[in-house]
Amino acid sequence: MSEIMKRSMFYWIFKLKYVVALAIFFVAIGFIGENSIVNRISQQREISKLKGEISEQDRKFEADRQVLEALKHDHEAVKEVARSRYYMKTDEEDIFIIEDEEE
């Protein structure tokens, strides 16, 4: 490079040193470190996924709680759970278990 170009480049860098420093600062904040914007976005995605899992578990918990209450008070509910989950049967009936083939 010619001497004039070097002087002009250094002159503009020196003149715009605060702008360059701010640009470096924003890049460092945005993309480097554990509190960067990129990490924040990925953490927000993870939080929303976990909240979905929590709501699914709450729904399952409520369904199981209702079945448990039914089992405590209803003899027919006990028979229904025994038949569906444990493949138990009465003397007059036969049970055929059909399973789908998973690939």
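Reading guide: rules and limits
- Residues numbered from 1 in each chain as written.
- Predicted model: local features only at pLDDT ≥ 70, side-chain atom pairs only at ≥ 80, totals over all residues.
- Heavy atoms only, no water.
- Patch = residues over 30% accessible without salt bridge, like charges linked within 9 Å, V, L, I, M, F, W, Y side chains within 5 Å.
- Areas by Shrake-Rupley, 256 points an atom, 1.4 Å probe, with all protein chains shown as cover.
- Salt bridge = Lys/Arg side-chain N within 4 Å of Asp/Glu carboxyl O.
- Lys, Arg positive; Asp, Glu negative; His and termini not counted.
- Charge placed at Lys NZ, Arg CZ, Asp CG, Glu CD.
- Helix = DSSP H or I, 4+ residues; strand = E, 2+ residues; numbered from the N terminus.
- Buried < 20%, exposed > 50% of the residue type's maximum accessible area, 1.4 Å probe, protein only.

Novice: Please clarify how a negative patch on the surface should be interpreted in this entry.
Specialist: Taken together, the side chains of Glu 99, Asp 100, Glu 101 and Glu 102 present a region of like negative charge at the surface. Relative to the assigned elements, Glu 99 resides in the segment after α4 (75-86). By relative accessible area, which is 65% here, Glu 99 ends up exposed.

Novice: Help me understand the side chain of Ser 36, please; the structure alone is not making it clear to me.
Specialist: Within the secondary structure, Ser 36 sits in the loop between α2 (17-31) and α3 (37-73). According to the relative accessible area criterion, Ser 36 is buried, its value standing at 1%.

Novice: Which parts of the structure should I look at to understand a nonpolar patch on the surface?
Specialist: On the surface, a nonpolar cluster with roughly 600 Å² of combined accessible area is contributed by Tyr 11, Trp 12, Leu 16, Val 19, Val 20 and Ile 24. Secondary-structure elements contributing two or more residues to the nonpolar patch are α1 (3-15) and α2. With three residues, the top contributor of residues to the nonpolar patch is α2. When you line up the elements, Val 20 lands in helix α2. Residue Val 20 is classed as partly exposed on the basis of its relative accessible area of 36%.

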